[in-house]
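If you want the building blocks of each chain, they are given just below.
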Amino acid sequence: MQVTVSAASRPAARVATGKEYVTILFGVWLIGGVFVDGFAHNHGVVETFFTPWHAILYSGFLASAIWMSWLLLQAKRASGVSWAEAAPVGYGLGLIGVFIFLLGGLGDMYWHTVFGIEQNIAALLSPTHLLLLLGGLLILSSPFRASWHDASMTKPDWAAFTPAFISLVVTTGAVAFFLMYAWMFRYNLPAASSVDWYASQFGGGFIAENNAERGLSYILIDTLVYMFPVFLLMKRWALPIGAITLHFTIVTVMMNVLDGFQNYPSIFIACGAGLVGDILYKALRAEDGRAFAERIVAAALPIALWSFYYAWMAIADGIGWETELWAGSIVEATLLSLGLQLLAAPKPAAARS
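Keep in mind that what you see is a predicted model, and the values were worked out from it rather than measured. (Residues numbered from 1 in each chain as written. Predicted model: local features only at pLDDT ≥ 70, side-chain atom pairs only at ≥ 80, totals over all residues. Heavy atoms only, no water.)

Participant: Help me understand the overall build of the protein in this model?
Facilitator: A tally of helices and strands in the protein yields 16 helices and zero strands. Against the compact-globule benchmark of 20 Å for 353 residues, the protein has a radius of gyration of 22 Å, which places it among compact chains. Overall, the C-alpha framework of the protein stretches about 90 × 55 × 30 Å when taken along its three principal axes. Here the protein, with 353 residues, has 49% of them falling under the buried criterion. Long-range contacts, defined as pairs at least 24 residues apart, comprise 78% of the intrachain contacts of the protein with a sequence gap of at least 6. Accessible surface, the protein: about 16,700 Å² in total, of which carbon and sulfur atoms supply 69%. Between the mean site of the 17 positive side-chain charges and the mean site of the 21 negative ones, the protein shows a separation of 19 Å. (Helix = DSSP H or I, 4+ residues; strand = E, 2+ residues; numbered from the N terminus. Rg over C-alpha atoms; globule rule 2.2 N^0.38 Å. Buried < 20%, exposed > 50% of the residue type's maximum accessible area, 1.4 Å probe, protein only. Contact = heavy atoms within 4.5 Å. Areas by Shrake-Rupley, 256 points an atom, 1.4 Å probe, with all protein chains shown as cover. Lys, Arg positive; Asp, Glu negative; His and termini not counted. Charge placed at Lys NZ, Arg CZ, Asp CG, Glu CD.)

Participant: Looking at this structure, how should I read the pattern of salt bridges?
Facilitator: Close approach of charged atoms lets side chains of opposite charge pair. Scanning the model with the defined rule gives two salt bridges in all. Across the pair D259 and R186 runs a salt bridge whose closest N-O atoms are separated by 2.6 Å. Residue D259 is found in the loop between helix 12 (243-257) and helix 13 (265-283), and its partner R186 is found in helix 9 (residues 184-187); the two are separated by 73 residues along the sequence. Exposure remark for D259: the relative accessible area of 13% places this residue in the buried category. (Salt bridge = Lys/Arg side-chain N within 4 Å of Asp/Glu carboxyl O.)

Participant: Just to check I follow, could you spell out the packing of helix 4 (residues 92-115) against helix 6 (residues 127-140) for this structure?
Facilitator: The angle between the axes and the distance between the axes are what describe a pair of packed helices. Two numbers describe how helix 4 lies on helix 6: the axes approach to 7 Å, and their chain directions differ by 160 degrees. Comparing the axis directions of helix 4 and helix 6 gives the class roughly antiparallel. For the pair helix 4 and helix 6, the crossing hand works out as left-handed. Of the residues assigned to the contact of helix 4 with helix 6, the class counts are twelve nonpolar, ten polar and one charged. (Axes fitted to C-alpha atoms, helices over the stretch in contact; angles between N-to-C directions. Parallel < 35°, antiparallel > 145°, perpendicular 65-115°, else oblique. Left-handed = near helix turned anticlockwise from the far one by under 90°. Nonpolar A, V, L, I, M, F, W, Y, C, P; charged D, E, K, R; others polar.)

Participant: Would you take a moment to explain the environment of S329 for this structure?
Facilitator: Inspection of the secondary structure assignment puts S329 in helix 15 (residues 323-344). Judged by relative accessible area, S329 falls into the buried class, the value being 1%. The sequence separation of S329 and N120 amounts to 209 residues, and the corresponding C-alpha distance is 27 Å. Those residues in contact with S329 that lie beyond four places of it in its chain are L216, I219 and Y310. A polar contact is formed between the side chain of S329 and the backbone oxygen of W326, at a distance of 2.6 Å. (Polar contact = N/O pair within 3.5 Å; in protein donor to acceptor, adjacent residues only side chain to side chain.)

Participant: Can you walk me through unusual backbone geometry in this structure?
Facilitator: Among all residues except glycine, the phi angle is most often negative; among peptide bonds, the trans geometry is most common. Its identity as a non-glycine residue notwithstanding, N188 has a phi of 50 degrees, on the positive side. Among the structural elements, N188 can be located in the loop between helix 9 and helix 10 (192-202). Residue classification places N188 among the buried residues on the basis of a relative accessible area of 13%. With phi around 55 degrees, R285 is a residue other than glycine that occupies positive phi space. Relative to the assigned elements, R285 resides in the loop between helix 13 and helix 14 (291-316). On the basis of relative accessibility, which here comes to 43%, the residue R285 falls in the partly exposed class.

Participant: Looking at this structure, how should I read the packing of aromatic side chains?
Facilitator: What describes a pair of aromatic rings is the distance from one ring centre to the other and the angle between the planes of the rings. Tallied over the entire structure, the rule returns 25 aromatic pairs. When the ring of F26 is compared with that of W29, the centres are 6.1 Å apart and the planes differ by 50 degrees; the resulting orientation is tilted. Here W29 and F26 lie together in helix 1 (residues 17-42), a separation of three residues that amounts to about one turn. Residue F26 is classed as buried on the basis of its relative accessible area of 17%. Seen in terms of ring centroids, Y309 and Y310 are 5.5 Å apart; in terms of plane orientation they differ by 55 degrees. Their pairing is tilted. When sorted by exposure, Y309 lands in the same class as Y310, which is buried. Here the aromatic cluster, defined as three or more aromatic residues joined through ring pairs, consists of W183, F185, Y226, F248, W306, Y309, Y310, W312 and W326. (Phe/Tyr/Trp six-rings, centres within 6.5 Å; stacked < 30°, edge-to-face > 60°.)

Structure below.
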């Protein structure tokens, strides 16, 4: 007797771990082009759309697009279902991202031809660049989504976890790239030399106070960028040792590319804060889903990050902000992180029943 299996009952196609590494390779190629292009923009060497850094960016996109299309084709042939249903788990939005990125790239070429080359913050707010960002985020995060929906993956080792982890980290890096105007480590506004410069140029008063408000806003934004991925990871998996440290360090290294590593001490600051997080995560057994332990990690990470930052600043240049201001910024960042953790944490079992 022959049994016919309907398309709806077939298990969704999954990309093997080895192929996920290929997706990551092309994604890193793409995001590498983004940061090289950002470095070029920040140093005033971009003149046309047709530049070597754009070639890196768009060739990385082309490689990603061809690879993901091939994965879709293989899944379609194996399953016999429609193109929409054949997309491997986690890759459906990524394939949509390919079309969005292509649309943004074509629009960007036209935009540059008509309006010229944007500089500074205008380049980050260009509508076509924001389309590229959206498409890139959907492409880069495909391995993360695929692993998120893998029920068998709960306490992964690094061999299995690396594609999901790198996928989320480079996606975070792309977000941080478009928030570079609020990356505190590029400006060091609390430094004594920065405060003195503003006072000498503008005589203090409103401008000096506005500078402090900018700095506080940057610290809160950067805290969100660093911490949101940590909570996503903790919500879904028991993390292998070193995950928090690597996340903090890799994102900070990526952001240092934009200024030729002029602010390289920030890499050591972020690495130190990540180590604090990893030690507490293991020591308090947060990988067992202990809510109290996760909240301690949520509080300790911003405390460590910004305390190390101010300690380095005190040694290297001196802190120009009042004690209430710099100490209060650490407290604000900690409260923000704790609030975000409460939103990200899974519901207790009683609440889900």
